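Reading the structure
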Amino acid sequence: RSLPYSRNILKSTAKLHKTGEISGTFIEKVMVGFDFFRNFATKNCSQMKRIALLSLCLYMAAWLPAWAVDLTRCQIVVSKNDVPLAQKMAQVLSDDIERVSGVKPTISNQAVKGATVILTTVDQASKLVPGIKVSDLRGSWERYRIVTRNDQLIIIGSDARGLAYGVLHVSERIGVSPWYWFADVPVARKSQIDYTEDFTSKSPSIKYRGIFINDED
């Protein structure tokens, strides 16, 4: 009888994805797996096996946040051979992490050990992240991919603007509003920023966009 109720423990971890600690897609996959184990155990397992399966699920729930990359302890890596905007976005992300946490990550042009955020366009991706999949991004317009693996948060742009949008997506998820400067939207402070996400964007439905800031008053 405890199996249906214990599912609520895993459900509560889904709230973490709202703060960038766990991606919604990952949580959904865990929930599907939990349902499978619960149904299987109810129909086919003894009481001891049910307890063992329940313990496994609770163990997974306890360790989910640990798979995130702590952005307050990370270094940002960008190739010096990448497009100029990649260098700029590394500085933007470092500034935004500082706005949230008070800790400013350093920026490096070569691979480092430990928690790392890697910014790259498709042309430089294989040099910074060997084996990363980018073939479907190549040649597309303003797309980005975010991958979390091995204490690395990897942001890949199909082009320079795609990388910029990927970085700004992460900034928004950690709590920096796109309007923090123009509209003075405050930034909520956090002492730790655990972030994980696996996501690939689509090309914008409108190829060329623009905005006019009415500051004539």
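In every chain, residue numbers begin from 1 and rise along the written sequence. Reporting of local features is limited, given that this is a predicted model, to residues whose pLDDT is at least 70; pairs of side-chain atoms are given and counted only at 80 or more, and all residues count toward the totals for whole chains, interfaces and linings. Here the side-chain values reflect all heavy atoms present in the structure, with hydrogen atoms and water set aside.

What follows covers the overall build of the protein chain. Note on conventions: DSSP H or I runs of at least 4 residues are helices, E runs of at least 2 residues are strands, and numbering of each starts at the N terminus. The helix and strand tally for the protein chain stands at 6 helices and 8 strands. Starting at the N terminus and walking to the C terminus, you meet the elements of the protein chain as α-α-α-β-β-α-β-β-α-β-β-α-β-β. In the protein chain, buried positions account for 41% of the 217 residues. The contact definition used throughout considers only heavy atoms, calling two residues in contact when any of these lie within 4.5 Å. For the protein chain, restricting intrachain contacts to residue pairs at least 6 apart in sequence, the fraction spanning at least 24 positions comes to 68%. As presented, the protein chain carries roughly 12,700 Å² of accessible surface, and 56% of it is formed by carbon and sulfur atoms. Buried means the residue's accessible area, taken with a 1.4 Å probe over protein chains only, is under 20% of the maximum for its type, while exposed means over 50%, and partly exposed covers the values in between. Note on areas: Shrake-Rupley with a 1.4 Å probe; residue coverage comes only from the protein chains shown.

Counting buried positions along strand 4 (residues 116-121) yields 6 of 6 residues, so the element is predominantly enclosed. Burial along strand 4 is two-sided: the residues Thr 116, Ile 118 and Thr 120 and Val 117, Leu 119 and Thr 121 are all buried. The criterion for strand pairing is that DSSP finds at least two bridges linking the strands in question. In terms of strand pairing, strand 4 meets strand 6 (residues 152-157) through 6 bridges, oriented parallel. Following the sheet pairing, Ile 118 is matched in strand 6 by Ile 154.

For the purposes of this section, nonpolar cores are sets of buried Ala, Val, Leu, Ile, Met, Phe, Trp, Tyr and Cys residues that join through side-chain atoms within 4.5 Å. Among the nonpolar cores identified, the biggest contains 26 residues, and Leu 71, Val 117, Leu 119, Val 170 and Ile 174 are the most heavily contacted of them. Elements with a minimum of two residues in this core: strand 2 (75-78), helix 4 (84-101), strand 4, strand 5 (144-149), strand 6 and helix 6 (160-174). In terms of residues, this core owes the most to one element, helix 4, which gives 6 residues. For Leu 71, the residues in contact, after removing those within four places along its chain, are Ile 97, Pro 105, Val 117, Leu 153, Val 170, Ile 174, Ile 193 and Tyr 195.

This part is about the confidence of the model for the protein chain. A residue's pLDDT is the confidence the predictor assigns to it, expressed on a 0 to 100 scale. Put simply, the protein chain has an average pLDDT of 82, and 68% of its residues get 70 or more. Note on residues 14-25: pLDDT is under 50 here. Beyond four places in sequence and across chains, it has 28 contacts.

So, about the sheet that holds strand 3 (residues 107-108). Judged by pairing direction, the sheet is mixed, and its 6 strands sit side by side in the order 3-2-4-6-5-8 without closing on themselves. One side of each edge strand has no neighbouring strand; the edge strands of this open sheet are strand 3 and strand 8 (199-200). The pairing of strand 5 with strand 8 spans 2 bridges and is antiparallel. Bridge assignment links Ile 146 to a residue of strand 8, and that residue is Phe 199.

All right, on to helix 4 then. The span one expects for a helix is its residue count, reduced by one, times 1.5 Å. Relative to the 26 Å expected for 18 residues at 1.5 Å per residue, helix 4 spans 26 Å between its end C-alpha atoms, a close match to the ideal helical length. Those residues of helix 4 lying buried are Ala 86, Met 89, Ala 90, Leu 93, Ser 94, Asp 96, Ile 97, Val 100 and Ser 101. Relative to the axis of helix 4, the buried residues are bounded by an arc of 165° and lie together on one face. Residues of helix 4 that are exposed and point more than 90 degrees away from the buried face comprise Pro 84 and Lys 88. Residues of helix 4 that are buried in the fold lie against strand 2, strand 3, strand 4 and helix 6. Looking one or two places after helix 4, you find Gly 102, whose phi comes out positive at around 85°. The arc in question is the one traced by the directions running from the helix axis out to the C-beta atoms.

Another point: the packing of aromatic side chains. Two aromatic rings, drawn from Phe, Tyr or Trp (for Trp, its six-membered ring), form a pair once their centres lie within 6.5 Å of each other, and the interplanar angle then sorts them: stacked below 30 degrees, edge-to-face above 60, tilted otherwise. Within the structure shown, the criterion is met by 4 aromatic pairs. On the basis of an interplanar angle of 75° and a centroid distance of 5.7 Å, the ring pair of Trp 141 and Tyr 208 is categorised as edge-to-face. Taken together, the positions of Trp 141 in the loop between helix 5 (122-128) and strand 5 and Tyr 208 in the segment after strand 8 put the pair 67 residues apart, joining distant regions of the chain. By relative accessible area, which is 25% here, Trp 141 ends up partly exposed. Ring centres of Trp 181 and Phe 182 lie 5.0 Å apart, and the angle between their planes is 80°; this geometry places the pair in the edge-to-face category. Judged by relative accessible area, Trp 181 falls into the exposed class, the value being 60%. Here the aromatic residues Trp 179, Trp 181 and Phe 182 are joined through ring pairs into a cluster of three or more.

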